[in-house]
Amino acid sequence: MHLTLYLWTLGLSVLAVNLVNIFCIPSDYALWQLLLFGILNPIAIFGIDALVATVIHKMPAKYFSPYNKAYKNFKWEKKFYKAIKIVKWKDYIPDTGKMTTGLSKSEIASTQTDYLYHFLVETCYAETIHIWMALVGIINILIMPKDLFLPMMLPFFIINFILNIPPILIQRNNRPKLLHIYEIQCRKENKNPL
């Protein structure tokens, strides 16, 4: 259901960009060329995103410790997540973790410390992956015609960027609560959280 909604959002966004380019923006390109660029661009962004996700997930887990400074929340974040009502809409964002890593981040399956720590590390991987996926969509500027930058490539970059922001926010919202649960479990089991 959630993945379907996400795919519809993505599909309608791509369709809108293509229609605007075909009917509203004067171009020296033939219709078939605009359609080809309009189809290849999202496919290229998806391919680049998949490559980035694969490369990052191959990196050692020690770089993705939830105690790493990069994954600590700022003081203002808790109020921000409350203000944007993240708890109401976060479940509508698809979780592809089960398909890609075998671990669904939409539910906690155990309270054992090893599992919780692994879960926390996966949230750090996910955050990093989505940050890089949001940014690398701009690479298409290098492979598509330069005169299509503003009417086609920039909108596709913006769509990709926007669709990667909610998963980043969700990881950052959920991690402190999960870290708290993990540390409580460590104390119960007399384990060092690190």
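Residues numbered from 1 in each chain as written. Predicted model: local features only at pLDDT ≥ 70, side-chain atom pairs only at ≥ 80, totals over all residues. Heavy atoms only, no water.

Where do I start with the overall build of the protein chain in this structure?
Of the regular secondary structure elements, the protein chain holds eight helices and zero strands. Of all 194 residues assigned to the protein chain, the portion counted as buried reaches 38%. Of the contacts formed within the protein chain by residues at least 6 apart in sequence, a portion of 75% connects residues at least 24 apart. Within the structure as shown, the protein chain displays about 12,000 Å² of accessible surface, and the carbon and sulfur contribution to it stands at 69%. Distance from the positive charge centre (20 side chains) to the negative charge centre (12 side chains) of the protein chain: 10 Å. (Helix = DSSP H or I, 4+ residues; strand = E, 2+ residues; numbered from the N terminus. Buried < 20%, exposed > 50% of the residue type's maximum accessible area, 1.4 Å probe, protein only. Contact = heavy atoms within 4.5 Å. Areas by Shrake-Rupley, 256 points an atom, 1.4 Å probe, with all protein chains shown as cover. Lys, Arg positive; Asp, Glu negative; His and termini not counted. Charge placed at Lys NZ, Arg CZ, Asp CG, Glu CD.)

I tried to follow the side chain of N41 on my own but got confused; where do I start?
Among the structural elements, N41 can be located in helix α2 (residues 31-57). Beyond its immediate chain neighbours, meaning those up to four positions away, N41 contacts N140, M144, M152, M153 and F156.

I'm lost on the environment of G38 in this one. Help?
Inspection of the secondary structure puts G38 in helix α2. Excluding its chain neighbours within four sequence positions, the residues that come into contact with G38 are V14, N18, M152 and F156.

Explanation requested: the state of the cysteines in the structure shown.
Applying the stated criterion to the full structure yields zero disulfides. The structure places no disulfide on C124, whose sulfur is separated from the nearest cysteine sulfur, that of C186, by 15 Å. Here C124 falls in the buried class, since its relative accessible area comes to 0%. For C186, a relative accessible area of 1% translates into the label buried. (Disulfide = S-S within 2.5 Å.)

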